[in-house]
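A structural walkthrough
Residues per chain, in single letters:
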Amino acid sequence: MSQDRITALEERIAHQDQTIEDLNASIMSLWKEIELVRRQFGKLGDQLNQIAADVQQLPEPPPPHY
């Protein structure tokens, strides 16, 4: 193997390593966003359940013919 080929392979590996690190950083960032959205979605679900429970406790309005 010539020195030029070895150098080319080393450069290629270095670029691939950088790409892998960049992709990993992107994945970690997206994972954090997904977790935030999951927490927010859970809170909204809790709020919706509370609203539904509150509505069920309201007195029923009289029928329209009263």
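The present account deals with the structure reproduced in this document. From a predicted model like this one, the values you see are computed outputs, not experimental measurements.

Summing up its helical and strand segments, the protein has one helix and zero strands in all. Compactness check: the protein gives a C-alpha radius of gyration of 29 Å against a globular reference of 11 Å for 66 residues, more than 25% above the reference. With the principal axes as the frame, the protein shows a C-alpha extent of 95 × 20 × 10 Å. In the protein, buried positions account for 0% of the 66 residues. Roughly 6,600 Å² of accessible area belongs to the protein as shown, and the carbon and sulfur atoms make up 60% of that amount. Taking the average place of the 6 positive charges on the side chains of the protein and the average place of its 11 negative ones, the gap between the two points comes to 2 Å.

Attention now moves to a nonpolar patch on the surface. A cluster of nonpolar side chains, Ile51, Val55 and Leu58, forms an exposed patch at the surface whose accessible area comes to about 300 Å². By secondary structure assignment, the location of valine 55 is in helix 1 (residues 3-57).

Glancing now at the pattern of salt bridges. For the coordinates displayed, the defined rule picks out one salt bridge. As a salt-bridge pair, arginine 38 and glutamate 35 come within 3.2 Å of each other at their nearest N and O atoms. A residue pair is termed a helical-turn pair when its members lie 3 or 4 positions apart in one helix, as arginine 38 and glutamate 35 do in helix 1 at three residues. Judged by its relative accessible area of 25%, glutamate 35 falls in the partly exposed class.

Our next topic: the environment of proline 59. Relative to the elements of secondary structure, proline 59 occurs in the segment after helix 1. Proline 59 sits in the exposed class, given a relative accessible area of 71%.

About the criteria used
- Residues numbered from 1 in each chain as written.
- Predicted model: local features only at pLDDT ≥ 70, side-chain atom pairs only at ≥ 80, totals over all residues.
- Heavy atoms only, no water.
- Helix = DSSP H or I, 4+ residues; strand = E, 2+ residues; numbered from the N terminus.
- Rg over C-alpha atoms; globule rule 2.2 N^0.38 Å.
- Buried < 20%, exposed > 50% of the residue type's maximum accessible area, 1.4 Å probe, protein only.
- Areas by Shrake-Rupley, 256 points an atom, 1.4 Å probe, with all protein chains shown as cover.
- Lys, Arg positive; Asp, Glu negative; His and termini not counted.
- Charge placed at Lys NZ, Arg CZ, Asp CG, Glu CD.
- Patch = residues over 30% accessible without salt bridge, like charges linked within 9 Å, V, L, I, M, F, W, Y side chains within 5 Å.
- Salt bridge = Lys/Arg side-chain N within 4 Å of Asp/Glu carboxyl O.

None of the figures reported here should be taken as evidence of function without further support.
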